[in-house]
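Observations on chain architecture
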Amino acid sequence: MTRLDADPTETVDAPASCDGPRSVLLTSREVPLGGVRGMQVHRALPQRELPMVGAWCFLDRFGPQVTTMRVEPHPHIGLQTVTWPFAGETRHRDTIGSDVVIKRGQLNIMTSGAGIAHSEYSMGDEPSVTDALQLWVALPESRRHGGPDFERHTDLPIVELGEGAAAVVVVGELAGIRSPATMYTPILGAEVFIPAGARIRIPLNPAWEHAIVGVDGAPLVHSADEPVALGDNDLLYLGVGRERIEIGAPTDVTVFLLGGEPFESDIVMWWNFVGRSHEEIVAAREEWEADTPRFGHVVTHGDERIPAPPLPTVRLTKRRRRA
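Rules of the game
- Per chain, residue numbering runs from 1 following the sequence as it is written.
- In keeping with the model being predicted, local features are shown solely for residues with a pLDDT of at least 70 and side-chain atom pairs are shown and tallied solely at 80 or more, while totals for entire chains, interfaces and linings include all residues.
- Hydrogens and water are ignored here; the side-chain numbers use all heavy atoms of the structure.
- Strands here are runs of E lasting at least two residues and helices are runs of H or I lasting at least four, both read from the DSSP assignment and numbered beginning at the N terminus.
- Throughout, radius of gyration means the C-alpha value; the globule benchmark is 2.2 Å times the number of residues raised to the power 0.38.
- Residues count as neighbours in contact if any of their non-hydrogen atoms are within 4.5 Å of one another.
- Counting rule applied: Lys, Arg positive; Asp, Glu negative; His and chain ends not counted.
- To locate a charge, take NZ of a lysine, CZ of an arginine, CG of an aspartate or CD of a glutamate.
- We count a salt bridge whenever a side-chain nitrogen from Lys or Arg sits within 4 Å of a carboxyl oxygen from Asp or Glu.
- Categorising residues by exposure relies on relative accessible area from a 1.4 Å probe, with only protein chains included: less than 20% of the type maximum marks a residue as buried, more than 50% marks it as exposed, and the intermediate range marks it as partly exposed.
- Pairing between two strands requires that DSSP report at least two bridges joining them.
- Each helix should span, by expectation, one fewer than its residue count multiplied by 1.5 Å.
- This arc is taken over the directions from the axis of the helix to the C-beta atoms.
- When the centres of two rings from Phe, Tyr and Trp lie within 6.5 Å, Trp using its six-membered ring, the rings pair. Their planes under 30 degrees apart give stacked, over 60 give edge-to-face, and anything left gives tilted.
- Should the NZ of a Lys or the CZ of an Arg lie within 6 Å of a ring centre and within 35 degrees of the ring normal, that charge is described as sitting over the ring.
- Helix axes use the C-alpha atoms of the stretch in contact, all axes being lines fitted to C-alpha atoms, and the angles between their N-to-C directions lie in the range 0 to 180 degrees.

Re the overall build of the protein chain
Assigned secondary structure in the protein chain consists of one helix and 26 strands. A compact globule built from 323 residues should have a C-alpha radius of gyration of about 20 Å, and the protein chain, at 19 Å, falls within 12% of that. With respect to the three principal axes, the spread of C-alpha positions in the protein chain is 55 × 45 × 35 Å. Put simply, 72% of the contacts in the protein chain that link residues at least 6 apart link residues at least 24 apart. Charged side chains in the protein chain number 30 positive and 44 negative. The centres of these two groups are separated by 3 Å.

Right, here's the structure in full:
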């Protein structure tokens, strides 16, 4: 097992394939969400060493904290957002008319296609407890130029793992059990709870790459190399070629399991956009700033919106792994 604590914002060139099971422990970094300095998030993906796990290209945890979240309308292209709350209630509004409140046990999936915009507010005017995962999934070539969509799911399947442990299949498939959420690549996202004293095995697809993110407790992950203690918001990359993973729980433990078929291509990711070239990103930014019909208008909002940041002075390049 290797531990890497480097600056994840740097773009590096390295082989995009992963060639066997090994563990790499990566530490998340703390960043402001949407420019709102009063609210901090921990970002586990992307990392300089690991820009993607399957089609997963972004993972933020906002919370647990007491705050008032106000993320004004902002755009996306080329991705799906996956919102999975642990505590609190968040109102989602977007440009195709969705206006819903999400809470614990519920799932929001927003598919941007060629373009969408949305906002996210915590409920009420007073600060409240907020804790959730916000993840992005890169869309494949076959879907990324299509229209936007939104789904909400309140009844998700559960895989019993023995010794009182269980996994909620948030998206994709685990142990033959499939989430109803519409996804466009072979993928897995699951919340796993393990009670204190248990040690369980989770079956994996050996053709896929996987990673585990610590959410709560002190899990001990037993992989092909030495056991790994996983801290909150740490990401343990497991590579490909594994048929199972074992996790022990000295205390009650919650982790989030990511997996998927290695993605079909490298991506260019900047701000809220996932594309394949510098030119695509530049065009999307220009259209957002010009308020063109591409992104639409978020329902019940006025003129408020988050402006795009300045582009970097260098050409945007594709993200390639080094882990």
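Here the narrative resumes.
Notes on the pattern of salt bridges
Scanning all chains against the criterion turns up 17 salt bridges. Notably, a salt bridge pairs Arg 144 with Glu 141, separated by 2.8 Å at the nearest N-O pair. By relative accessible area, which is 6% here, Arg 144 ends up buried. Each of Glu 141, Arg 144 and Glu 280 takes part in one network of salt bridges that share partners.

Remarks on the pairing of strand β19 (residues 209-216)
Most of β19 sits inside the fold, with seven of its eight residues counted as buried. Alignment of β19 against strand β24 (residues 253-260), held across seven bridges, turns out to be antiparallel. Across the sheet, the residue bridging to Glu 209 is Gly 260, located in β24. Sheet analysis places β19 next to strand β22 (residues 235-239), joined by four bridges and oriented antiparallel. Counterpart to Ala 211 in the pairing with β22 is Tyr 237.

Points about the sheet that holds strand β20 (residues 220-222)
Overall, antiparallel pairing links the four strands, which are arranged β18-β23-β20-β21 in an open sheet. Only two strands of the sheet have a single partner each, and these edge strands are β18 (199-203) and β21 (228-229).

A closer look at helix α1 (residues 278-289)
Over its 12 residues, α1 extends 17 Å from the first C-alpha to the last, a length consistent with the 16 Å expected when each residue adds 1.5 Å. Considered for burial, the residues of α1 that qualify are His 278, Ile 281, Val 282, Ala 284, Arg 285 and Trp 288. Here the buried residues of α1 occupy an arc of 165° about the axis, which is enough to place them on one side. Of the residues one or two after α1, Asp 291 is the one with positive phi, at around 55°.

Here's the deal with the packing of aromatic side chains
Taken as a whole, this structure holds six aromatic pairs when the rule is applied. With a centroid separation of 6.1 Å and 55° between ring planes, the pair formed by Trp 270 and Trp 271 is classed as tilted. For Trp 270, a relative accessible area of 11% gives the class buried. Owing to a relative accessible area of 23%, Trp 271 belongs among the partly exposed residues under this scheme. When the ring of Trp 270 is compared with that of Phe 273, the centres are 6.3 Å apart and the planes differ by 45°; the resulting orientation is tilted. A single burial state applies to Trp 270 and to Phe 273, both of which are buried. Put simply, the rings of Trp 270, Trp 271, Phe 273, Trp 288 and Phe 295 touch in pairs and so form one group of aromatic residues. Sitting over the face of the ring of Tyr 121, Arg 93 holds its NZ or CZ atom 4.9 Å from the ring centroid. Over the ring of Trp 288 we find Arg 305; its NZ or CZ atom is 3.7 Å from the centre of that ring.

Some points on the sheet that holds strand β8 (residues 90-94)
In space, the four strands of this open sheet follow the order β6-β11-β8-β9, with antiparallel pairing throughout. In this open sheet, the two strands that pair with only one neighbour each are β6 (70-76) and β9 (99-102). Between one strand axis and the next, the sheet turns by 20° as a mean value, whatever way the strands run. Summarising the sheet, β6 and strand β11 (residues 116-122) pair through five bridges and their orientation is antiparallel. The residue bridging His 76 from the neighbouring strand is Ile 116, located in β11.

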